[in-house]
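Reading the structure
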Amino acid sequence: MTFYHYSLRFAGWLVAFMGLASAAHAQDDLLGQLEKTAEPPKREVVAATFKGTHIINSQSVENPGKGTMVFLIQHRFGTLNSGAYEFFGLDQAVLRLSFEYGLTNRLAVGVGRSSQEKTLDGFLKYRALRQTTGPGSVPVSVTLFASSALTTLKFNDPVDRTMASRVTYAYQALIARKFSPDLSIQLMPTLIHRNYVATPAEQNDVYALGGALRQKLTKRTALTADYYYLFPGNTASTFRNALGLGVDLETGGHIFQLHVTNSLGMTEKFFVPQTTGNFFKGDLYFGFCVARNFTIRPH
Amino acid sequence: MKQFLRLLLVVLVLAAPRPGRAQGKFMTKAGRVSFFSTSILEDIEARNTAAAAVLDLGSGQLAFAVPVKEFAFKRTLMQEHFNENYMESDKYPRATFTGRFSGADAAVLGVPGSHQVQVEGELTLHGVTRHIATAGMLELKSGQLLVFAFFSVAPADYAIEIPLLVRENIAKTVSIRVSLTCDAVGAPPAGSGSSPVTRSNASN
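Residue numbers restart at each chain and count upward from 1, following the sequence in its written direction. Written order decides the labels, with chains lettered from A and ligands numbered from 1. Only residues with pLDDT of at least 70 are given local features in this predicted model, and only at 80 or more are side-chain atom pairs given and counted; all residues enter the totals for whole chains, interfaces and linings. Only hydrogens and water are removed before side-chain values are computed, so all heavy atoms of the structure are retained for them.

Take the overall build of chain A next. When you go through chain A residue by residue, the secondary structure sums to three helices and 14 strands. Any two residues whose heavy atoms approach within 4.5 Å are treated as being in contact. Looking at chain A alone, contacts between residues at least 24 apart form 57% of all its contacts between residues at least 6 apart. Surface accessibility follows the Shrake-Rupley procedure with a 1.4 Å probe radius. Residue values consider only the protein chains on display as shielding. For chain A, the accessible surface area stands at approximately 14,700 Å², while carbon and sulfur atoms represent 66% of it. Here a helix means four or more residues in a row that DSSP labels H or I, a strand means two or more in a row labelled E, and each is numbered from the N terminus.

Another aspect to go through is the packing of aromatic side chains. All names here are of chain B. In summary, the pairing rule links any two rings of Phe, Tyr or Trp, Trp by its six-membered ring, whose centres are within 6.5 Å, and it sorts them by plane angle into stacked for under 30 degrees, edge-to-face for over 60 and tilted for everything else. Scanning the entire structure with this criterion turns up 14 aromatic pairs over all chains. Seen from their ring centres, Phe71 and Phe82 are 5.6 Å apart, and the 70° between their planes marks the pair as edge-to-face. With Phe71 in the loop between strand E3 (61–67) and strand E4 (72–73) and Phe82 in helix H2 (residues 76–86), this pair connects stretches of sequence that are eleven residues apart. Exposure is judged per residue with a 1.4 Å probe applied to protein chains only, and the accessible area is read against the type maximum: over 50% gives exposed, under 20% gives buried, and values in between give partly exposed. Judged by relative accessible area, which is 8%, Phe71 ranks as buried. Counting every residue linked through ring pairs, the aromatic cluster contains Phe35, Phe71, Phe73 and Phe82.

Here we come to the interface of chain B and chain A. A common way to report how large an interface is uses the accessible area buried once the components associate. Tallying the contact residues gives 38 residues for chain B and 34 residues for chain A. We count a salt bridge whenever a side-chain nitrogen from Lys or Arg sits within 4 Å of a carboxyl oxygen from Asp or Glu. The interface formed by chain B and chain A includes five salt bridges. Taking the shortest distance from any N to any O, the salt bridge between Lys219(A) and Glu88(B) comes out at 3.6 Å. Pairs of N or O atoms are called polar contacts if they sit within 3.5 Å, as long as, within protein, a hydrogen donor faces a hydrogen acceptor (for residues adjacent in sequence, only side-chain-to-side-chain pairs). Where chain B packs against chain A, one counts nine residue pairs in polar contact (both at pLDDT 80 or more). Going through the elements one at a time, helix H1 (2–15), strand E1 (25–38), strand E2 (43–56), E3, H2 and strand E5 (94–102) of chain B are the ones with two or more residues in the side of chain B that touches chain A. Of all the elements, H2(B) adds the most residues to the side of chain B that touches chain A, at seven residues. Only Asp, Glu, Lys and Arg are considered charged, only Ala, Val, Leu, Ile, Met, Phe, Trp, Tyr, Cys and Pro nonpolar, and every remaining residue, Gly among them, polar. Residue classes in the side of chain B that touches chain A are distributed as 17 nonpolar, eight polar and 13 charged.

Residue and element names in this part refer to chain A. Counting buried positions over the twelve residues of strand E2 (residues 68–79) gives nine, a clear majority of the element. Here ten bridges tie E2 to strand E14 (residues 285–295), and the two strands are oriented antiparallel to one another. Its bridge partner being in E14, Gln74 is matched across the sheet by Cys289. Here E2 runs beside strand E3 (residues 93–102); their pairing, made up of nine bridges, is antiparallel. Note on E3: the bridge partner recorded for Arg76 is Val94. Any two strands with at least two DSSP bridges between them are considered paired.

One can find Phe280(A) in the loop between helix H3 (268–271) and E14. Sequence separation between Phe280(A) and Gly246(A) is 34 residues, and the spatial gap between their C-alpha atoms is 15 Å.

This brings us to unusual backbone geometry. One non-glycine residue with positive phi stands out, namely Ala48(A), at about 55°. Tracing the chain through its elements places Ala48(A) in the loop between strand E1 (44–45) and E2. Phi is positive for His126(B), which is not a glycine, with a value near 55°. Inspection of the secondary structure puts His126(B) in the loop between strand E6 (115–125) and strand E7 (128–141). Classification of His126(B) as buried rests on a relative accessible area of 7%.

Note: pLDDT gives the predictor's confidence per residue, expressed from 0 to 100. Predicted confidence across chain B gives a mean pLDDT of 82, with 80% of residues reaching 70 or more. Counting interchain partners and residues more than four positions distant, the pLDDT-below-50 stretch residues 189–204 of chain B has twelve contacts.

Residues and elements named next belong to chain A. Positionally, Arg177 belongs in strand E8 (residues 167–178). Residue classification places Arg177 among the partly exposed residues on the basis of a relative accessible area of 29%. When the C-alpha positions of Arg177 and Asn63 are compared, they lie 15 Å apart, and in sequence the two are 114 residues distant. Apart from residues lying up to four places away in sequence, Arg177 is in contact with Thr49, Gln131, Pro139, Val140, Leu183, Ser184 and Ile185. Looking at Arg177, its side chain comes within polar contact range of the main-chain oxygen of Pro139, at 2.7 Å.

Nonpolar side chains in soluble globular proteins tend to end up buried together. Put simply, buried Ala, Val, Leu, Ile, Met, Phe, Trp, Tyr and Cys residues joined by side-chain atoms within 4.5 Å make one nonpolar core. Ranked by size, the top nonpolar core spans 47 residues in total, and within it Leu55(B), Leu138(B) and Leu145(B) carry the most contacts. A total of six residues in this core trace back to one element, the largest contributor, which is strand E9 (residues 174–184) of chain B.

Strand order around the closed barrel formed by twelve strands is E2-E3-E4-E5-E7-E8-E9-E10-E11-E12-E13-E14 (chain A), with antiparallel pairing between neighbours. Taken pair by pair, the neighbouring strands of this sheet meet at an average axis angle of 20°, ignoring direction. The pairing of strand E11 (residues 221–230) of chain A with strand E12 (residues 243–251) of chain A spans seven bridges and is antiparallel. Following the sheet pairing, Ala222(A) is matched in E12(A) by Asp248(A). Lines are fitted to the C-alpha atoms to define the axes, a helix being fitted only along its stretch in contact, and any angle between axes, read from their N-to-C directions, falls within 0 to 180 degrees. Contacts between H2(B) and the sheet are confined to E2, E8, strand E10 (205–216), E12 and E14 of chain A, with E12(A) contributing the most and set at about 95° to the helix.

Moving on: the pattern of salt bridges. For the coordinates displayed, the defined rule picks out 14 salt bridges over all chains. Ionic pairing is found between Glu84(B) and Lys178(A), a salt bridge with its closest N-O pair at 3.0 Å. In this pair, Glu84(B) is assigned in helix H2 and Lys178(A) in strand E8, connecting two distinct chains. Residue classification places Glu84(B) among the buried residues on the basis of a relative accessible area of 12%. Lys178(A) gets classed as buried once you look at its relative accessible area, which sits at 7%.

UniProt positions are given in the numbering used here, feature names are shortened, and annotations may be inferred rather than shown by experiment. Here, UniProt's "domain: Lipid/polyisoprenoid-binding YceI-like" (unreviewed entry) annotation points to residues 43–181 of chain B. Between the end C-alpha atoms of residues 43–181 of chain B the distance is 27 Å, and the span holds 12% helix and 54% strand.

On to the side chain of Asn57(A), then. Within the secondary structure, Asn57(A) sits in the loop between E1 and E2. In terms of polar contacts, Asn57(A) uses its side chain to reach the side chain of Thr261(A), at 3.3 Å.

If you want it as structure tokens, here you go:
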């Protein structure tokens, strides 16, 4: 072996090494090149501000997507402080069953039946604005909600009860922002209109402002809360503000929501103007909601 | 001296410009990537038509970047779960692959028809990078490079947790299909050029 041979071998290694190095470098370059030519960031809709269409008492800004039907089973037991005789409330229960269907990605319709006052309700929910990221982004999602509820209870009072007198309307603007993947907050200016009230002291129109939040604990569990503040008036001085605290548990196609609240009713006409329980004195109704999604018309 | 001549020859061959466009770079921003999960209880399928890819026929290297949020599902809730729970696409917005292919050099690709290649590289999904190897097909047609590959990945390998309740609904391995039509980079658009490939096709 001569020096000449060694130098040749060295040159060979060098060439091979340089080849490898440039290959490795070229790979990074290729990805870098992809990034450079990537489209400028575009507006993206912020999804899943809340897990379900309901938070606790409140509706959330979420709608079932187009062609999706949600079947909800909502349950509220009696108050926890009703004692052992009532099995701490479990002896009593009110139920609401409802179907919600997404006609489009923005518009949903729903019907429900509550055992409380044998009430039928129907609603429309429209996603007017969706929170987005990217250029020209929208900071909040706004969903407009309108519902009417019809009490089908047989009344014993001698007053002539027309059909119209059995109807109550609820109007809400649900304004929500997902601040992070974990934290979402919603504000809900609310108007409840009751066609019939028993005494002049009761208000036909009740105004309230609701607030709700969702804080995720893990990917599939979250803490929730919602609250309704009644604006001063006869209703506010007789009834209480509705407060609920809960947990969302998500499994595949179901969402389980467990909660305690001082309100027995599960539709706006009950929980906004007719809440009587004192949350901090133990007038807590334990409740749950199971939501099951069905795809009626696949995309 | 013989060795020196041989080395010189190698260097010269490497340095010499190779003919045709077969050595150039090809690129797309609208590649199609779809995946299938088949189980007794449920079939799940999603499509993405916004995959970006670049292939360098000269060096045999390729790179992919797939925006995870662009996968479209038949069921809205599935799509939400895919992004929120499984892929966590806010945290990991892109899936990438970088690697190389072998088995089809410029001369082979010059022949019309599709040619099988071996692909090997690093796949990054859900923040986890793993080495994978698969077969693919390449075809030069009308100045465009057609790319096709079919392979499978196991969600568990990429730290994608599947809750117990839906474990029977989601396959242990998910099949992924890649189908791209890449245009040559820095070359005139297909049809207007005078490359040998275009011409030989036109004469058919």
